[in-house]
Every structure is written in C-alpha cells, then in structure tokens.
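Coordinate inspection notes
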Amino acid sequence: MNDLPLISVIIPTYGRDEPLRDSIVDILNQDYPNFEVLVVDQSPKHQPEVQAYLEEVAAKGKIKLFRLNWASLPGARNYGVRRSSGEIILFIDDDVKLTPGFLMAHAKNYVQNPEVGAVAGRVFDRMKLGDSGGKLEIEYLPPQAMDPGIAWYHIDLVHTIKPQQVLTARGCNMSFRREIFTKYGLKFDERFRGSAVREESDFCLRLRQTGYKIWYDPAADLVHLGEETGGCHDISMRSLKYQLTFYHNHFLLGLKNLTLTQALRLYARLFDCHVLGRPPCHKSGSPIKILTRAVFYTLGFLKALGTVIQSVWNDGQIYSHLDEQV
C-alpha cells in the first residue's frame, strides 16, 4: 500500500457552497491512503457555515485552500498543478458525489499500465441519464469517437460500460501523470474562456502527441450534479458573451489541433447541430433564432482566428504569467 502514488486532487470552484462542501467531504472519506486535496477558490464569498467549514479543514491540514480574485477554469487548473506534489494529478468539479473507492480506481490504471498517461472516468450526469431513461448501455464506442473531426458528437462517457482507449476525458473527472505537465510542459490553454467548453479536449489532443494513451475506466465513476448556479454557469452562462465564447472555443480547438479536413468536418457538424438545431442538439428551428446563432457562429470563428494570429506574440496564458511574477 505504501507504494501507491501520491494523488493530488484539484477542485476549482466558483460560486458553490453546499455542493462544494459535500464534494470535499466525499474526497476526504476516500479509502486511498496517499492523497492531497487542493481547493482553488475563485468565489467572491461563501455562506458563513461553508466558509467556516473550509477554514476548519484547511487549518487541520486536510485540504490546501487557495483564494483567487479572478475566475478562469483553465487558469485555476494550471494554478493548482503548480502547487501540487502528486505523481497523479486528478481534477473533479465542485458539484460531484463520490464513492470511497474513487481514487483507487484512477490510481490502478497508472500502476498497471505504463502506457496510460491520462484516465477518463465515467460520469453519471443527471441530465444525460434522465434523457436516456438511465437504461442505455454502450459497450464500445463507435470508430467515429476516435476521429478528431467528429468525435465530440460520438464520445459518450455517461453510458459506456467497458474500459477502452478514448480521445478525451470530461473535465469533471479526469487524471494525468505529473510528467504530462513537467516533462512535456503542457498547460491548460487559458484562452478557452467563458464556460471553457473544449478546454479539456484541447489539452487531451495535445497530450496524445506525447505518445501516451488516454484510458477510459468506467470503475472510476462519479455523479455529476450539474448545479444550475455557480461554476461556469455564473461565469458566463445564459449571456451573449457565453454564446460568443462557446463558438470561439470550438473554432480554436480546430484551428490549434486539427488538419484542414478534420477542422472543416468539425465546423460543419457544429453548424448543423448548434446553429440549425438538428439532433442531437434539438434547438428551436425558428428562422430568427437560427439567424442569431449563425451570427454568433461567424463572430466566434473570427474571434478564434484573431486568437490564433495573436498567439504569434501572445500565448494567452494570462493567469499563469501573473502567477509566475508573484
């Protein structure tokens, strides 16, 4: 048991109270013997009882609590990595429920298979399970789920029940070998703003270039509550800015990581689903709404193109650079 690697559990949080506290309680109740917990708190304030709990467990050394005056999910992930000590870096959201064997389920993949550089855990997502009635089971993902151009519409880490290699993980339940960040120097791209949609996909595509595999293990499961307030919802959801960053992030993913053919297929699928509203998006077919979405689609592409051009002199790692100057 003493040979088990140290796991650094990093929990970025923004605007969450009871769900955050409950997530921390579940982590502290793990049966894994060798782990640390880092809470990267970007919340302006907490409820008094939650604040008291955070201060209590931090004072007892059960967690490391870091308070930031800015809000960026990829920025918070990078901040936590720089302050972690583990051989395995594991990220969870601030609104999850865990069983005591969660950390062990992640760790065994690294111990047993040196080719694994990342583990994607199963996510019992309340909304997606509700849509399917909770009865759907997938043994193996289709070949399209490994095609970077269209994989994002075929990867199902909710209903899949067999371990297998995958293209990406979900940000609320993913872990990595430390050397991904140290030896290979990968960081989460802080230009994925707003809800930061696709930031983990961008990271995983770059990770694959190291030769490591991303392994899906359904035994490393958690329940994602998907709280309607807090988290990325409060950073930008339900706003015009969210619409712009949503499309920007998808286009940025393609411009950074995909071949021209792959990128065109991604953008076509994005238009078909999110602009025209066809399945699996099932959005309104109102001409006005389609036109509005098409405008944001176009603006998102132009903004992503500008981001790539600016990368010649600005890598966009705003918060990481600020941290390095401290």
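The structure under discussion appears in the preceding block.
Residues numbered from 1 in each chain as written. Predicted model: local features only at pLDDT ≥ 70, side-chain atom pairs only at ≥ 80, totals over all residues. Heavy atoms only, no water.

Here's the deal with the side chain of Ser-8
The condition is simple: The way it works is that DSSP assigns letters per residue, a run of H or I at least four long becomes a helix, a run of E at least two long becomes a strand, and they are numbered from the N terminus. Each residue's exposure class comes from its accessible area (1.4 Å probe, protein chains only) as a fraction of the maximum for that residue type: buried when under 20%, exposed when over 50%, partly exposed otherwise. Any pair of N or O atoms that falls within 3.5 Å is considered a polar contact. Within protein, one atom must be able to donate a hydrogen and the other to accept it, and sequence-neighbouring residues count only if both atoms are side-chain atoms.
Relative to the helices and strands, Ser-8 resides in strand E1 (residues 7-13). Look at Ser-8 and you get buried, because its relative accessible area is 0%. Among the polar contacts listed, one links the side chain of Ser-8 to the side chain of Glu-36, at a separation of 2.5 Å. A distance of 2.7 Å separates the side chain of Ser-8 from the backbone nitrogen of Gly-86, its partner in a polar contact.

Focus: the nonpolar core
Generally speaking, soluble globular proteins have nonpolar side chains that are buried together. Operational definition: To qualify as a nonpolar core, a set must consist of buried Ala, Val, Leu, Ile, Met, Phe, Trp, Tyr and Cys residues joined through side-chain atoms within 4.5 Å. It only takes one pair of heavy atoms within 4.5 Å for two residues to be counted as in contact.
Counting residues in each nonpolar core, the largest one holds 54 residues, and the members touching the most others are Phe-91, Trp-152, Phe-176, Phe-181, Phe-203, Leu-207 and Tyr-247. Those residues within four positions of Leu-207 in sequence are excluded, and the remaining contacts are Gly-117, Ala-118, Phe-176, Ile-180, Leu-186, Tyr-212 and Ile-214. If you look at the next biggest cluster of nonpolar residues, it comprises 29 residues, including Ile-24, Val-39, Leu-54 and Leu-90.

A look at helix H9 (residues 260-275)
What counts here: Here, expected helix span is obtained from the residue count minus one, scaled by 1.5 Å.
Here H9 spans 21 Å end to end across 16 residues, near enough to the 22 Å set by a 1.5 Å rise per residue. Note on H9: the residue one or two positions beyond its end, Gly-277, has a positive phi of about 85°.

Quick look at the environment of Val-9
One can find Val-9 in strand E1. With 129 residues separating them in the primary sequence, Val-9 and Ile-138 have C-alpha atoms 29 Å apart. For Val-9, the residues in contact, after removing those within four places along its chain, are Ile-27, Glu-36, Val-37, Leu-38, Leu-90, Ile-92 and Leu-103.

Describing the pairing of E1
So the rule is basically this: By the convention used here, strands pair only if DSSP detects at least 2 bridges between them. The handedness rule is simple: strands pointing away from the viewer, and a clockwise path from the first strand over the helix to the second, make the crossover right-handed.
Of all seven residues in E1, seven are buried, a share of seventy percent or more. Of the two faces of E1, the one holding Ile-7, Val-9, Ile-11 and Thr-13 and the one holding Ser-8, Ile-10 and Pro-12 are both buried throughout. Relative to strand E2 (residues 35-41), E1 is paired through seven bridges, and the arrangement is parallel. For Ile-7, the partnering residue across the bridge sits in E2 and is Phe-35. For the segment spanning E1, helix H1 (residues 18-28) and E2, crossover handedness is right-handed. Both E1 and strand E4 (residues 88-92) contribute to a ladder of four bridges, which runs parallel. Counted as the bridge partner of Val-9 is Leu-90 from E4.

Side note on the environment of His-106
Checked against the element boundaries, His-106 lands in helix H4 (residues 102-112). Take His-106: its relative accessible area is 0%, and that puts it in the buried class. With 70 residues separating them along the chain, His-106 and Phe-176 place their C-alpha atoms 9.5 Å apart. Contact partners of His-106, with chain neighbours within four places excluded, come to Leu-90, Val-119, Gly-121, Asn-173, Met-174, Ser-175 and Ala-220. Polar contacts involving the side chain of His-106 include one to the side chain of Asn-173, which spans 2.8 Å.

Quick look at the packing of helix H8 (residues 240-257) against H9
Selection criterion: In this analysis an axis means a line fitted to C-alpha atoms, helices contributing only their contacting stretch, and an angle means the value between N-to-C directions, from 0 to 180 degrees. Every angle not falling under 35 degrees, over 145, or within 65 to 115 is termed oblique; those three ranges are roughly parallel, roughly antiparallel and roughly perpendicular. By definition, turning the near helix anticlockwise from the far helix through less than a right angle yields a left-handed crossing, and turning it clockwise yields a right-handed one. Polarity classes work like this: nonpolar for Ala, Val, Leu, Ile, Met, Phe, Trp, Tyr, Cys and Pro, charged for Asp, Glu, Lys and Arg, and polar for all others, with Gly in that last group.
For the pair H8 and H9, the least separation of the axes is 9 Å and the interaxial angle reads 160°. When the axes of H8 and H9 are compared, the pair comes out roughly antiparallel. H8 and H9 meet at a crossing whose hand is right-handed. Two secondary-structure elements touch here, H8 through Phe-246, Tyr-247, His-250, Phe-251, Leu-253, Gly-254 and Leu-255 and H9 through Ala-263, Leu-266, Tyr-267, Leu-270, His-274 and Val-275. In terms of residue class, the contact of H8 with H9 is made up of 10 nonpolar, three polar and no charged.

A word on the state of the cysteines
To keep things clear, this is the line we draw: To count as a disulfide, a pair of cysteine sulfur atoms needs to be within 2.5 Å.
On inspection of all chains with the given rule, the structure shows one disulfide. Cys-273 shares a disulfide with Cys-281; S-S distance 1.7 Å. Residues Cys-273 and Cys-281 are joined by a disulfide whose S-S torsion is about 95°; by sign, that bridge is right-handed. Cys-204 takes part in no disulfide bond, and the closest cysteine sulfur to it belongs to Cys-172, at a distance of 12 Å. Look at Cys-204 and you get buried, because its relative accessible area is 1%.

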